[in-house]
Amino acid sequence: MKTFFLFLLLALPLSVNAQTADSLDIEDQKILANYTEEELNEKMRPPQFVSGSVMKYLSTHLKYPEMAGKYGIQGSVKIRFTVEKDGTVSHIIAADSTAYSNSKRCKKKDINRQKELEDVAAMLFAKEGERVVREMPAWKPGTLEGQPFRIEMTLPITFRFK
């Protein structure tokens, strides 16, 4: 039986994004309008994952999609989500998901279906990324001038064989 390993690359740390209209209410939009980008960088503190490290959480909870493993498909997904004022996670979206095959691992009979298999695997990577973020424990919320504030985050996850 083949053993598959899941690698999570957080080469780019969790990133904090400018809020989108979907994740902010009107009050939050009014508050942000009072600050320049430089002031926000100074006065806003990002949320913190308080249940150990995000990397360790992902390595123990993320599951490599069986179909992707069967066909030797690897890939990545960027999960966007909002950490609410109470630390809960909401507005979870797979912003970008890609998949690719290693032709050496792909059986000859599957080469013709390779693009179709990669598309399905990309969807599975997105769904798995969304699932694991949805099940995350609460975070320490981000703050703006010391007050809890909703902040959007991006978490890159890479699915790769060792």
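Remember, predicted model here, so these are calculated numbers, not experimental data.

**A short note on the sheet that holds strand 6 (residues 147-149)**
Then, in step 1: Across the sheet, three strands lie side by side as 2-5-6; this open sheet has antiparallel pairing. Both edges of this open sheet fall to strand 2 (44-45) and strand 6, since each of them pairs with a single strand only.
Then, in step 2: By the bridge criterion, two bridges tie strand 2 to strand 5 (residues 142-144) in an arrangement that is antiparallel. The residue of strand 5 that forms the bridge with Arg45 is Thr143.

**Brief notes about the pattern of salt bridges**
Then, in step 1: Under the criterion given, the structure shown has eight salt bridges.
Then, in step 2: For the salt bridge of Lys85 with Asp28, the shortest nitrogen-to-oxygen distance reads 3.8 Å. Note that Lys85 is positioned in the loop between strand 3 (73-83) and strand 4 (89-101) and Asp28 in helix 1 (residues 26-33), a separation of 57 residues in sequence.
Then, in step 3: The partner of Arg150 in a salt bridge is Glu84, with the nearest N and O atoms 2.7 Å apart. Residue Arg150 is located in the loop between strand 6 and strand 7 (151-159), and its partner Glu84 is located in the loop between strand 3 and strand 4; the two are separated by 66 residues in the primary sequence. The two residues Arg150 and Glu84 agree in class, both being buried.
Then, in step 4: In the salt-bridge network here, residues are joined through shared partners; they are Asp28, Glu84, Lys85 and Arg150.

**As for the packing of aromatic side chains**
Then, in step 1: Taken as a whole and assessed by the stated rule, the structure comprises six aromatic pairs.
Then, in step 2: Judged by centre distance (4.4 Å) and plane angle (15°), the ring pair of Phe125 and Phe159 falls under stacked. Of the two residues, Phe125 is situated in helix 5 (residues 114-134) and Phe159 in strand 7; the sequence distance between them amounts to 34 residues.
Then, in step 3: Given the relative accessible area of 0%, Phe125 is considered buried.
Then, in step 4: Its relative accessible area of 0% is what places Phe159 among the buried residues.
Then, in step 5: Ring pairs connect the aromatic residues Phe49, Tyr57, Phe81 and Trp139, which therefore count as one cluster.

**So, the nonpolar core**
Then, in step 1: Counting residues in each nonpolar core, the largest one holds 37 residues, and the members touching the most others are Ile73, Phe81, Val133, Met136 and Trp139.
Then, in step 2: Looking at this core, the elements that each hand over two or more residues are helix 3 (54-61), helix 4 (66-70), strand 3, strand 4, helix 5 and strand 7.
Then, in step 3: Looking at which element gives the most residues to this core, the answer is helix 5, with seven residues.
Then, in step 4: Residue contacts for Ile73: discarding those within four places in its chain leaves Tyr64, Met67, Ala68, Ala99, Tyr100, Ser101, Leu117, Glu118, Ala121, Phe125 and Phe161.

**A word on helix 5**
Then, in step 1: Its 21 residues place the ends of helix 5 30 Å apart at the C-alpha level, agreeing with the 30 Å of an ideal helix rising 1.5 Å per residue.
Then, in step 2: When we look at burial in helix 5, the residues that qualify are Gln114, Leu117, Glu118, Ala121, Ala122, Phe125, Ala126, Glu128, Gly129, Glu130, Val132 and Val133.
Then, in step 3: Looking at the buried positions of helix 5, the neighbouring elements they touch are helix 3, helix 4, strand 3, strand 4 and strand 7.

**A word on the confidence of the model for the protein**
Then, in step 1: Averaged over all residues, the pLDDT of the protein is 84; the fraction at 70 or higher stands at 78%.
Then, in step 2: Here residues 1-13 is modelled with pLDDT under 50, and outside its nearest four sequence neighbours on either side it reaches 31 contacts, counting other chains as well.

**A short note on the environment of Pro148**
Then, in step 1: Mapped onto the elements, Pro148 comes out in strand 6.
Then, in step 2: C-alpha separation for the pair Pro148 and Asp86, spaced 62 residues apart in sequence, amounts to 7.6 Å.
Then, in step 3: Those residues in contact with Pro148, other than ones at most four positions away along the chain, are Lys85, Gly142 and Thr143.

Conventions adopted
Residues numbered from 1 in each chain as written. Predicted model: local features only at pLDDT ≥ 70, side-chain atom pairs only at ≥ 80, totals over all residues. Heavy atoms only, no water. Pairing = 2+ DSSP bridges. Helix = DSSP H or I, 4+ residues; strand = E, 2+ residues; numbered from the N terminus. Salt bridge = Lys/Arg side-chain N within 4 Å of Asp/Glu carboxyl O. Buried < 20%, exposed > 50% of the residue type's maximum accessible area, 1.4 Å probe, protein only. Phe/Tyr/Trp six-rings, centres within 6.5 Å; stacked < 30°, edge-to-face > 60°. Core = buried A, V, L, I, M, F, W, Y, C linked by side-chain atoms within 4.5 Å. Contact = heavy atoms within 4.5 Å. Expected span 1.5 Å × (residues − 1). pLDDT = per-residue confidence, 0-100.

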